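If you want the building blocks of each chain, they are given just below.
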Amino acid sequence: MTASFPPRSMLYVPGDKPRAMDKARTLGADAVILDLEDAVAPEHKAAARENVREALRTPWPCPVLVRVNGTGTPWEHEDREMALLAGVHGLVLPKVEDAGTVRDLHLRVPLWAMIETPAGVLNAAAIAAAPGVAGLLVGANDLARALRCRPHPERLPLLHALESVVLAARAHGKHPVDAVFNDVRDAAGFARECVQGRTLGFGGKTVIHPAQVPAANEAFGVSDEEAQAARDLLAAWTAARAEGKSVATFAGALVEQMHADEAQDIVNLWEATRPRA
Ligand code: COA
Ligand code: MG
């Protein structure tokens, strides 16, 4: 499959693991996030920043972003300066809680805002509307801790927050990206959570391990069967419109303009991501 942007998969790679950063170039993720924040212990922050600077010297096969340490931390300024001078495609900013934080940064590159606190969820719409914001990323580990909710196989305690992020991003034409799935050995659980995320309206998923990349690309991409069904629906719609009808039916179901638009989006994503000869 060809890479897609906005991304179906965004792979986090710890900045203190140079070997993993090398490997990340080859894994087929639509975007890579070199992480200086949660995945890096305080005593490794400075070394990780240098590793990331080094990794950004060579061109990447996909958009590469840096997750900097958040505002108010001792590392924030040096992290942002390094990332911006190195020419990243975007910054991921943790624990964004209000639009003012984003505005005050006056960034020259797209910002991917992490929504991972209760205040962030409540202000997600204003954050999504802030200048330069390209997408919202859910940080479910921090959010679950702050909410003091318990783990649940269907993420029931987080559903309101997850859907709030989708609503906020979609209302402002931004890309909502679902949270990571922690158990890297549980392929079936990961696949189920991808389906849930896509069903909720997310456009992609953040991932933490090579094995999760193809599954996220598949779940947030378009299968050949889905693309064919979308083309068939479009044909039925075009034929009905040519006969002067305002609505059509396809496979027994009502088709209106928005269904045709949705089918066109599916065909476009399939076109953008299908393997090239
Ligand atoms: N990106 C790129 N490569 C990765 C990777 C990642 N996120 N996670 C693992 N790999 C590589 C390893 O370097 C290893 O490569 P090698 O065989 O060439 O040495 C290979 O994949 C297999 O790794 P594995 O042994 O299965 O994983 P692990 O048990 O060493 O590590 C994690 C598991 C979860 C600790 C690790 O995947 C990780 O650090 N993920 C990212 C965590 C993160 O970024 N958190 C912050 C956001 S929530
Ligand atoms: Mg976090």
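Please read all numbers here as calculations on a predicted model, not as lab measurements. (Residues numbered from 1 in each chain as written. Chains lettered and ligands numbered in written order. Predicted model: local features only at pLDDT ≥ 70, side-chain atom pairs only at ≥ 80, totals over all residues. Heavy atoms only, no water.)

1. Concerning the overall build of the protein
Helix and strand counts for the protein stand at 12 helices and 10 strands. Along the longest, intermediate and shortest principal axes, the C-alpha atoms of the protein span 70 × 45 × 40 Å. Evaluated residue by residue, the protein yields a buried proportion of 47% over its 277 residues. Considering only contacts in the protein between residues 6 or more positions apart, those separated by 24 or more positions represent 63%. Counting only carbon and sulfur atoms, one obtains 56% of the accessible surface of the protein, whose full area is about 13700 Å². Looking at the protein, you have 29 positive and 35 negative side-chain charges, and the mean spots of the two groups are 2 Å apart. (Helix = DSSP H or I, 4+ residues; strand = E, 2+ residues; numbered from the N terminus. Buried < 20%, exposed > 50% of the residue type's maximum accessible area, 1.4 Å probe, protein only. Contact = heavy atoms within 4.5 Å. Areas by Shrake-Rupley, 256 points an atom, 1.4 Å probe, with all protein chains shown as cover. Lys, Arg positive; Asp, Glu negative; His and termini not counted. Charge placed at Lys NZ, Arg CZ, Asp CG, Glu CD.)

2. Structural notes on the coordination of the magnesium ion (ligand 2)
Taken together, the protein ligands of the magnesium ion (ligand 2) are Asp-38 (OD), Glu-116 (OE) and Asp-142 (OD), with distances of 1.9 to 2.3 Å. Read in sequence order, the donor residues coordinating the magnesium ion (ligand 2) give the pattern D-x77-E-x25-D. Of the two residues, Asp-38 is situated in the loop between β2 (31-35) and α2 (45-55) and Asp-142 in helix α7 (residues 140-147); the sequence distance between them amounts to 104 residues. (Donors = N, O, S within 2.8 Å, 3.2 Å for Na, K, Ca; no water.)

3. Let's talk about the site of ligand 1
If you check the shell around ligand 1, you find 15 residues, and the closest are Tyr-12, Lys-17, Arg-19, Ile-208 and His-209. Between ligand 1 and Lys-23, the relevant distance is 3.3 Å, taken from an oxygen atom to a side-chain nitrogen or oxygen of the residue. One of the side-chain nitrogen or oxygen atoms of His-209 is found 2.7 Å away from an oxygen atom of ligand 1. Within the complex, the protein chains bury 62% of what would otherwise be the 900 Å² of accessible surface of ligand 1. (Near = heavy atom within 4 Å. Polar contact = N/O pair within 3.5 Å; in protein donor to acceptor, adjacent residues only side chain to side chain.)

4. A few points about the pairing of β2
Of all five residues in β2, five are buried; the element is thus mostly enclosed. Of the two faces of β2, the one holding Ala-31, Ile-33 and Asp-35 and the one holding Val-32 and Leu-34 are both buried throughout. Summarising the sheet, strand β1 (residues 9-14) and β2 pair through five bridges and their orientation is parallel. Across the sheet, Pro-14 pairs through a bridge with Asp-35, a residue of β2. For the segment spanning β1, helix α1 (residues 18-24) and β2, crossover handedness is right-handed. Bridge count between β2 and strand β3 (residues 64-67): four bridges; the pairing is parallel. What sits directly across from Ile-33, in β3, is Leu-65. Following the chain from β2 across α2 to the adjacent parallel β3, one finds a crossover that is right-handed. (Pairing = 2+ DSSP bridges. Right-handed = clockwise from strand over helix to strand, strands pointing away.)

5. A look at the sheet that holds strand β8 (residues 204-207)
Spatial ordering of the closed barrel is given by β1-β2-β3-β4-β5-β6-β7-β8, a layout of eight strands whose pairing is parallel. Looking at each pair of strands side by side, their axes are set apart by 25° on average, direction ignored. Sheet strands in contact with helix α8 (residues 159-171) are β5 (111-115), β6 (133-138) and β7 (175-178), and its direction is about 160° off that of β7. (Axes fitted to C-alpha atoms, helices over the stretch in contact; angles between N-to-C directions.)

6. Here's the deal with the packing of aromatic side chains
Applying the stated rule across the entire model yields two aromatic pairs. Seen from the ring of Trp-75, Lys-45 lies directly overhead, with NZ or CZ sitting 4.9 Å from the centre. (Phe/Tyr/Trp six-rings, centres within 6.5 Å; stacked < 30°, edge-to-face > 60°. Lys NZ or Arg CZ within 6 Å of the ring centre and 35° of its normal.)

7. Quick look at unusual backbone geometry
The phi dihedral of Lys-95 is positive, around 45°, even though this residue is not glycine. In this fold, Lys-95 is placed in the loop between β4 (90-93) and α4 (99-105). When its relative accessible area of 37% is taken as the criterion, Lys-95 is described as partly exposed. Here Arg-155, not a glycine, exhibits a phi torsion of approximately 60°, which is positive. Within the secondary structure, Arg-155 is located in the loop between α7 and α8. Judged by relative accessible area, which is 7%, Arg-155 ranks as buried.

Everything listed here is a matter of geometry and, on its own, says nothing about what the molecule does.
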